[in-house]
Amino acid sequence: DAGITQSPRHKVTETGTPVTLRCHQTENHRYMYWYRQDPGHGLRLIHYSYGVKDTDKGEVSDGYSVSRSKTEDFLLTLESATSSQTSVYFCAISEGRRNTEAFFGQGTRLTVV
Amino acid sequence: TQLLEQSPQFLSIQEGENLTVYCNSSSVFSSLQWYRQEPGEGPVLLVTVVTGGEVKKLKRLTFQFGDARKDSSLHITAAQTGDTGLYLCAGRYNNNDMRFGAGTRLTVKP
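Quick summary incoming for the structure in this document. (Residues numbered from 1 in each chain as written. Chains lettered and ligands numbered in written order. Predicted model: local features only at pLDDT ≥ 70, side-chain atom pairs only at ≥ 80, totals over all residues. Heavy atoms only, no water.)

1. What about the interface of chain B and chain A?
This is how the line gets drawn: Residue contacts are counted whenever heavy atoms from the two residues lie within 4.5 Å of one another. The quantity reported as buried area is the accessible area (1.4 Å probe) lost by two parts once they are put together, taken as the sum for both. Any Lys or Arg side-chain nitrogen found within 4 Å of a carboxyl oxygen on Asp or Glu counts as a salt bridge. We call two N or O atoms a polar contact when they sit within 3.5 Å, provided that within protein one can donate a hydrogen and the other can accept it, with sequence-adjacent residues counted only if both atoms are side-chain atoms. The secondary structure listing takes helices from DSSP runs of H or I that are at least 4 residues long and strands from runs of E that are at least 2 residues long, numbered from the N terminus. Classification used: nonpolar for Ala, Val, Leu, Ile, Met, Phe, Trp, Tyr, Cys and Pro, charged for Asp, Glu, Lys and Arg, polar for all others including Gly.
In this complex, chain B contributes 25 residues to the contact, which on the side of chain A involves 26 residues. Approximately 2000 Å² of surface area, both sides summed, lies buried where chain B meets chain A, with 45% of it carried by carbon and sulfur atoms. When the buried area of chain B at its contact with chain A is split by residue, N96(B), M98(B) and R99(B) rank highest and sum to 23% of it. Inspection of the chain B/chain A interface yields 1 salt bridge. Where chain B touches chain A, the interface holds 4 residue pairs in polar contact (both at pLDDT 80 or more). At the level of secondary structure, the elements contributing two or more residues to the side of chain B that touches chain A comprise strand 4 (31-37), strand 5 (44-49), strand 9 (85-92) and strand 10 (98-100) of chain B. The dominant element in the side of chain B that touches chain A, judged by the number of residues it contributes, is strand 4 of chain B, at 4 residues. By residue class, the composition of the side of chain B that touches chain A is 9 nonpolar, 12 polar and 4 charged.

2. A word on the state of the cysteines
As a reminder of what qualifies: Disulfides are defined as pairs of cysteine sulfur atoms found within 2.5 Å of each other. Burial classes: relative accessible area under 20% of the type maximum marks a residue as buried, over 50% as exposed, and values in between as partly exposed (1.4 Å probe, protein chains only).
Inspection of the entire model under this criterion finds 2 disulfides over all chains. Note on cysteine connectivity: C23(A) is disulfide-linked to C91(A), with sulfurs 1.9 Å apart. Residues C23(A) and C91(A) are joined through a disulfide that is left-handed, its torsion about the S-S bond being -75°. Highlighted residues: C23(A) in strand 3 (residues 19-25) and C91(A) in strand 9 (residues 87-94), separated in sequence by 68 residues. Like C91(A), C23(A) is buried. The disulfide that involves C23(B) links it to C89(B), with 2.0 Å between the sulfurs. In this structure, the disulfide formed by C23(B) and C89(B) twists by about 75° around the S-S bond and is classed as right-handed.

3. What about the nonpolar core?
Nonpolar side chains tend to gather and get buried jointly when the protein is soluble and globular. The cut-off we apply is this: In these notes, a set of buried Ala, Val, Leu, Ile, Met, Phe, Trp, Tyr and Cys residues joined through side-chain atoms within 4.5 Å is what counts as a nonpolar core.
Counting 21 residues, the largest nonpolar core has I13(B), L19(B), L32(B), W34(B), L74(B), I76(B) and L106(B) as the members making the most contacts within it. Listing elements by their share of this core, those giving two or more residues are strand 2 (10-14), strand 3 (19-24), strand 4, strand 5, strand 7 (61-65), strand 8 (71-76), strand 9 and strand 11 (104-109) of chain B. Counting 19 residues, the second-largest nonpolar core is a separate cluster that includes F74(A), L78(A), I93(A) and L110(A).

4. Things to note about the environment of D38(A)
Residues and elements named next belong to chain A. Within the secondary structure layout, D38 lies in strand 4 (residues 31-38). Judged by relative accessible area, which is 12%, D38 ranks as buried. Not counting chain neighbours up to four residues away, the residues in contact with D38 comprise R44, T86 and S87. At a separation of 2.8 Å, a polar atom in the side chain of D38 contacts the side chain of R36.

5. Regarding the pattern of salt bridges
Evaluation of the coordinates by the stated rule reveals 8 salt bridges over all chains. Residues R99(B) and E59(A) are paired through a salt bridge, measuring 3.9 Å at the closest nitrogen-oxygen approach. Taken together, the residues span two chains, with R99(B) in strand 10 and E59(A) in the loop between strand 6 (54-57) and strand 7 (64-70). One salt bridge connects K70(A) with D73(A), and the closest N-O pair in it is separated by 3.3 Å. When its relative accessible area of 41% is taken as the criterion, K70(A) is described as partly exposed. For D73(A), a relative accessible area of 7% puts it in the buried group. Connected via shared salt-bridge partners are R22(A), K70(A) and D73(A).

6. Here's the deal with the sheet that holds strand 7 of chain A
Residue and element names in this part refer to chain A. Defined as follows: Should DSSP find at least two bridges between two strands, the strands are regarded as paired. Only the stretch in contact is used when fitting a helix axis, every axis being a line fitted to C-alpha atoms; angles between N-to-C directions are given from 0 to 180 degrees.
Read from one edge of the open sheet, 4 strands run 1-3-8-7, paired in antiparallel fashion. Each edge of the open sheet is held by one strand with a lone partner, namely strand 1 (4-7) and strand 7. Neighbour-to-neighbour, the strand axes of this sheet turn through a mean angle of 15°, independent of strand direction.

7. Topic: unusual backbone geometry
Each neighbour pair has its own omega, and for S7(A) with P8(A) the value is -10°, a cis peptide bond. You can see P8(A) is positioned in the loop between strand 1 and strand 2 (10-13). With an omega of -10°, the peptide bond between S7(B) and P8(B) qualifies as cis. Positive phi outside glycine occurs at A78(B), with the angle close to 50°. Note that A78(B) resides in the loop between strand 8 and strand 9.

Here's what the structure looks like:
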């Protein structure tokens, strides 16, 4: 299994509170991605990173920010959580060449009440 | 609107039957991948197709990439209960932006 760890695995938080999800990899892969998965929508890209301090927005980036200060860590922050951000969040890593595999973490189930 | 449209969204068949699922887009991709996801787990790669018209076989699974690199299909021959799962296609752009379809949830009944 690829060395990719998401934390926490489960979290319940209140509307309006800040939340940070962490993705840690031990593979030294250049690319890291954050997705959310909701019924009927599959995986939707929130943000991705192509190197330390290099990030770009995905298709559903509003309400989310990311940071990557080290190769191995990619943080996803919800500045002020809303109920619409209740979802399962997946982190993925990739070496970056177009035909290489993306490896996924186990997911974080976030509930905003 | 989903960038990649997968059909059907749900499919329930008997063991031994054949099936095909589709992944269509108006965008051209540098490569297209198929993943399978089990409940409570992240997706796992099945195959990557890169060249237009490419066909790849993985035991009972056959994957095809369209000539224009905008669409793909996955065909399963003689489905087994172990094939049950969520099948996702993912298109990759040259900048390594990676987008997924909504998935096909396959149930194979004994």
